[in-house]
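Residue-level structural notes
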Amino acid sequence: MTSGAWSNSIPGIGTYFVGIDVAPGRYRCEDGKGGWWVRFTGPGGGEPVGSWPLPAGPTEIEIAPSDFAFETHVGTYWHRIAPAQAEEGAVHELRPVADPGLRAELDTIVARRRPLVWLAPLTVLGIGVLGAPVLGWLWLLGLTMMAVLVALGSPSVSLDLQRSRELARRRDRYLTPQDFDDDGRALLARVQTAVDTVRDSLVNREGLLDSVDNAVTLPRQEWEIAQVLARQSALRTEQLEAASPAVPEVEAVLRPFREKLDLSVRAVTRRIDALERYAERVRAADEALRAHRRLEALAARADEYDDLLADTVRDELALPAIERLTEQSDELVRTLRHRLAEATEAGGEAGGGPDGEAGGELPPSRPPTAPDA
């Protein structure tokens, strides 16, 4: 996994938390022969569904935004081939939000334990060899088979358990939907929708935006905003509990606290607004790029139209038609560049801190090089 961001690939063996380790979407592995996978669906992953054994050859799996975790045991990587499909009119499913550095930290801890895990099957085999002179070759054969089973199952299970224990010890490094009240969840849904729009956009995937910086910056923006929203949610809950039942003296004490909380909410909302403006500009650039691609396809057939006109009317009649097509292509290229520039400007606005001041500014996108029509 890449540090600080979701990766578009999943190692073939392990358990990965959706929204923390991997992005939801459709994944494909080139050969799942004899392997298996489990999607832990439902609240807290309490409703697992899986497939075993997988057939030889390519296989695909859809990891939903509402899934808790994905466990896999195949011989090749899973590669993300499409973002998660949103149902029309569906409410955004909140995913957990993690400190972008958590993934790399857990990987380092698990990597240190990996050599120790592989000592287990060697220990079993050693016991078999030592006992063979006394207990005979059947004893050695039995322990050899046990060592093979331990080698196949123990490493992945042990490392998964270790990863889960280490994740539980770092509860302050990630947030789940249960850490927010209704107002906090509503604002977090706006953040995650905007982040998903940028990350899954055509212009971002094709490098017209600075995809590397987006991959690093957007998770950081999401984590910083989520931390603020979680703190606001906790304070709102405390205020509701303190104000019930209503007592004039308590209300008087709570009033300045509520005013400060309202100021914080307005500040973080401005930051979310800027992030949404960035996503909207990226969406507009996507539309312009798709239109430009369609016009390119038409322009590629200009000679065919030229020949057709030359065969039916005077040759000079073909020239205005081709010129108009070229002008339309040039205009669309200018539109695409303008919208990408707007997206870059909106991305810079989205980098402001939760207090409304500049903080963690999104890096500028590199200017696109639109193909000649």
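Reading guide: rules and limits
- Throughout this description, residue numbers start from 1 for each chain and increase along the sequence as written.
- Local features are withheld for residues below a pLDDT of 70 in this predicted model, meaning they are given only at 70 or higher, and side-chain atom pairs are given and counted only at 80 or more; totals for whole chains, interfaces and linings count all residues.
- Side-chain metrics rest on all non-hydrogen atoms present in the structure, leaving aside hydrogens and water.
- Runs of H or I in DSSP of at least four residues are treated as helices and runs of E of at least two as strands, each being numbered from the N terminus.
- Burial classes follow relative accessibility: with a 1.4 Å probe on protein chains only, a residue under 20% of its type's maximum area counts as buried, one over 50% as exposed, and anything between as partly exposed.
- Contacts are assigned to residue pairs that have any heavy atoms within 4.5 Å of one another.
- Accessible surface is estimated by sampling points in the Shrake-Rupley manner with a 1.4 Å probe; for residues, cover comes only from the protein chains shown.
- Definition of nonpolar core: a set of buried residues of the types Ala, Val, Leu, Ile, Met, Phe, Trp, Tyr and Cys, connected through side-chain atoms within 4.5 Å.
- A pair of strands counts as paired when DSSP detects no fewer than two bridges linking them.
- In this scheme Phe, Tyr and Trp rings, the latter by its six-membered ring, pair at centre separations within 6.5 Å, and the angle between planes marks the pair as stacked below 30 degrees, edge-to-face above 60, and tilted otherwise.
- Here, over-ring charges are defined by two tests on the NZ atom of lysine or the CZ atom of arginine: distance to the ring centre within 6 Å, and angle to the ring normal within 35 degrees.
- One less than the residue count of a helix, multiplied by 1.5 Å, gives the span that helix is expected to have.
- Bend, in this description, refers to the angle at a residue between axes fitted to the seven residues ending there and the seven starting there.
- Looking at any residue, its pLDDT shows the predictor's confidence there, from 0 to 100.
- Only the stretch in contact is used when a helix axis is fitted, and all axes are lines through C-alpha atoms; the angle between N-to-C directions ranges over 0 to 180 degrees.

1. Observations concerning the overall build of the chain
- Counting secondary structure elements, the chain contains nine helices and 10 strands.
- Buried positions account for 42% of the 373 residues belonging to the chain.
- A separation of at least 24 residues holds for 76% of the contacts in the chain among residues at least 6 apart in sequence.
- As displayed, the chain has an accessible area near 20400 Å², and 58% of this comes from carbon and sulfur atoms.

2. Considering the nonpolar core
- Counting residues in hydrophobic clusters, the biggest one holds 35 residues, and the most contacted among them are Val203 and Tyr278.
- When contributions to this core are tallied by element, the ones reaching two or more residues are helix 4 (182–199), helix 5 (202–205), helix 6 (211–242), helix 7 (248–299) and helix 9 (318–350).
- Dropping the residues within four chain positions of it, Val203 is found in contact with Leu208, Leu209, Val282, Ala285, Asp286, Leu289 and Leu340.

3. Some words on the sheet that holds strand 8 (residues 78–83)
- Judged by pairing direction, the sheet is antiparallel, and its four strands sit side by side in the order 1-8-3-6 without closing on themselves. Strands with a single pairing partner mark the edges of an open sheet, and in this sheet they are strand 1 (9–10) and strand 6 (59–63).
- In this structure, strand 1 lies alongside strand 8, joined through two bridges in antiparallel fashion. The residue of strand 8 that forms the bridge with Ile10 is Trp78.

4. Some remarks on the pairing of strand 2 (residues 13–17)
- Extensive coverage of strand 2 is indicated by the burial of four of its five residues.
- Both strand 2 and strand 7 (residues 69–73) contribute to a ladder of five bridges, which runs antiparallel. Looking at the pairing, Phe17 lines up with Ala69 of strand 7.

5. Some remarks on the packing of aromatic side chains
- For the structure shown, the criterion picks out two aromatic pairs.
- Look at Phe17 and Phe68: their rings are 5.6 Å apart centre to centre, the planes differ by 90°, and that puts the pair in the edge-to-face class. Highlighted residues: Phe17 in strand 2 and Phe68 in the loop between strand 6 and strand 7, separated in sequence by 51 residues.
- Ring centres of Phe70 and Trp78 lie 5.7 Å apart, and the angle between their planes is 85°; this geometry places the pair in the edge-to-face category.
- Trp78 gets classed as buried once you look at its relative accessible area, which sits at 0%.
- Sitting above the plane of the Tyr174 ring, Arg171 keeps its charged end 4.8 Å from the centroid.

6. A closer look at the pairing of strand 8
- Relative to strand 8, strand 3 (residues 25–29) is paired through four bridges, and the arrangement is antiparallel. Looking at strand 8, one finds that Arg26 is bridged to Ala82.

7. A short note on helix 7
- Under the 1.5 Å per step criterion, the end-to-end length of helix 7 is 74 Å for 52 residues, consistent within 8% with the ideal 76 Å.
- Within helix 7, the axis deviates most sharply at Leu254, by approximately 35°, and proline Pro256 lies no more than four positions further along.

8. As for the environment of Ala194
- Looking at where Ala194 falls in the secondary structure, it is placed in helix 4.
- Once the C-alpha coordinates of Ala194 and Arg283 are considered, the two residues, 89 residues apart in sequence, prove to be 10.0 Å apart.

9. Structural notes on helix 4
- Over its 18 residues, helix 4 extends 26 Å from the first C-alpha to the last, a length consistent with the 26 Å expected when each residue adds 1.5 Å.
- Those residues of helix 4 that sit buried are Gly184, Leu187, Leu188, Ala189, Val191, Gln192, Ala194, Val195, Asp196, Thr197, Val198 and Arg199.

10. Considering the confidence of the model for the chain
- Per-residue pLDDT for the chain averages 75, and the proportion of residues at 70 or more is 65%.
- Here residues 1–5 scores under 50 on pLDDT; set against residues more than four positions off or in separate chains, the count is 20 contacts.
- Under a pLDDT of 50 for its full length, residues 112–119 has, in the predicted model, 10 contacts with residues more than four places off or in other chains.

11. Topic: the environment of Ala64
- Note that Ala64 resides in the loop between strand 6 and strand 7.
- Measuring from C-alpha to C-alpha, the distance between Ala64 and Gly25 comes to 6.4 Å, with 39 residues separating the pair along the chain.
- Those residues in contact with Ala64 that sit more than four places away from it in its chain are Val18, Pro24 and Arg39.

12. Let's talk about the environment of His292
- Mapped onto the elements, His292 comes out in helix 7.
- Its relative accessible area of 0% is what places His292 among the buried residues.
- Along the primary structure His292 and Leu336 are separated by 44 residues, whereas in three dimensions their C-alpha atoms are 7.9 Å apart.

13. A word on the sheet that holds strand 2
- Strand order in this open sheet of four strands is 2-7-4-5, and the pairing throughout is antiparallel. What marks the edges here is a single partner per strand, and that holds for strand 2 and strand 5 (47–51). Shown here is a sheet whose adjacent strand axes are inclined to one another by a mean of 10°, direction ignored.
- Across five bridges, the pairing between strand 4 (residues 36–41) and strand 5 is antiparallel. Following the sheet pairing, Arg39 is matched in strand 5 by Val49.

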